[in-house]
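# Chains, contacts and geometry: an overview
Listed below are the residues making up each chain.
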Amino acid sequence: MLNLVYPIGLNLSGRPCLVVGGGEVALRKVEGLLAVGARLRVISPGLHPELAGMAREGRIQWEARPYRSGDLAGHFLIVAATDDQDVNEAVFREGESRGQLVNVVDDPPRCNFILPAVVRRGSLCLAVFTGGKSPMLSRRIREQLEGQFGPEYGDLIDLLGVARSAVLERVGDIKLRTEIFRRLVYSDLLEVLVRDGRPAAEARISQTIDQVLGESY
């Protein structure tokens, strides 16, 4: 059982990843990996209808056969999602021996990484871990976060990202940069964005930047 985990954000864009299994659980894992741009291969004798559609569209590469030793070669991350414990065990052992990232679904002792419950709002990603001890609690907390952080937070992060690039280009003093970022984040920018729209929020950002720079003179 995993107790403490080191939370990281993996850049999987264009990286080769493998899912062993073709059922409903595999479908959920495939959807999550495709959402972050992974290059995906699926090995399974059969496929969930939605996975079959993805294969026909060329979104995933499907090999219609059981897993066999050596299949993990060349993959950055592997998920085992079969209903055969022996197959899952073999996938984990091969991945471990190769030093690869391996997750056997719902089997924390056979994982060297675990997947959190996730809320995504554009570039904002909120992840909940319980160390594999209570996935249901992770789900409950995720549902609470979904209600607390709506899609407007994705728009806010996009605005702050544009503002950050402009400040880094315009302001050389690190202390001034930090003060600008602090005031923006702790301001009513989100409320302005939701109530008055993006142009008003952009105006508030410009006003805040000018205010901080004016105070420094």
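Computed from a predicted structure; not experimentally measured. (Residues numbered from 1 in each chain as written. Predicted model: local features only at pLDDT ≥ 70, side-chain atom pairs only at ≥ 80, totals over all residues. Heavy atoms only, no water.)

Quick look at the pairing of strand S7 (residues 124-128) now. Residue alternation in S7 divides its side chains into a buried set, Leu124, Leu126 and Val128, and an unburied set, Cys125 and Ala127. Taken together, the 5 bridges between strand S6 (residues 117-121) and S7 define a ladder with antiparallel strand orientation. Paired with Arg120 across the two strands is Cys125, which belongs to S7. Here S6 hands over to S7 after 2 residues, with Gly122 in that stretch at a positive phi of 65°. (Buried < 20%, exposed > 50% of the residue type's maximum accessible area, 1.4 Å probe, protein only. Helix = DSSP H or I, 4+ residues; strand = E, 2+ residues; numbered from the N terminus. Pairing = 2+ DSSP bridges.)

By secondary structure assignment, the location of Asp71 is in the loop between strand S3 (60-63) and strand S4 (77-80). Within the structure, Asp71 has its side chain in polar contact with the backbone nitrogen of Arg68 (distance 2.8 Å). (Polar contact = N/O pair within 3.5 Å; in protein donor to acceptor, adjacent residues only side chain to side chain.)

Turning to its location among the elements, Lys175 is positioned in helix H6 (residues 174-185). Classification of Lys175 by relative accessible area gives exposed; the value is 73%. Each C-alpha atom, one on Lys175 and one on Gly58, is 49 Å from the other, the two residues being 117 residues apart in sequence.

What follows covers the pairing of strand S1 (residues 16-20). Burial analysis of S1 places 4 of its 5 residues in the buried class, the great majority of the element. With respect to chirality, the unit in which S1 leads through helix H1 (residues 24-35) into the neighbouring parallel strand S2 (residues 39-43) is right-handed. Across 4 bridges, S1 lies against S4 in parallel orientation. What sits directly across from Cys17, in S4, is Leu77. (Right-handed = clockwise from strand over helix to strand, strands pointing away.)

Below, the discussion takes up the packing of helix H5 (residues 152-170) against helix H7 (residues 189-196). Running from N to C, H5 and H7 point in directions that differ by 115°, and their axes come no closer than 10 Å. The angle between H5 and H7 falls in the class roughly perpendicular. Viewed along their axes, H5 and H7 form a crossing whose handedness is right-handed. Mapping the contact onto sequence places Glu152, Tyr153, Asp155, Leu156, Leu159 and Leu160 in H5 and Leu189, Leu190, Leu193 and Val194 in H7. Partitioned by chemical class, the residues of the contact of H5 with H7 number 8 nonpolar, no polar and 2 charged. (Axes fitted to C-alpha atoms, helices over the stretch in contact; angles between N-to-C directions. Parallel < 35°, antiparallel > 145°, perpendicular 65-115°, else oblique. Left-handed = near helix turned anticlockwise from the far one by under 90°. Contact = heavy atoms within 4.5 Å. Nonpolar A, V, L, I, M, F, W, Y, C, P; charged D, E, K, R; others polar.)

Our next topic: the packing of aromatic side chains. Two aromatic rings, taken as a pair, are described by how far apart their centres are and by the angle between their planes. Counting across every chain of the model gives 1 aromatic pair. Ring geometry for Phe149 and Tyr153: centres 4.9 Å apart, planes at 65°, overall edge-to-face. Residue classification places Phe149 among the buried positions, given a relative accessible area of 19%. One residue, Arg15, lies across the ring of Phe76, its end atom 4.3 Å from the ring centre. (Phe/Tyr/Trp six-rings, centres within 6.5 Å; stacked < 30°, edge-to-face > 60°. Lys NZ or Arg CZ within 6 Å of the ring centre and 35° of its normal.)

All quantities given are derived from atomic positions and should not be read as evidence of function.
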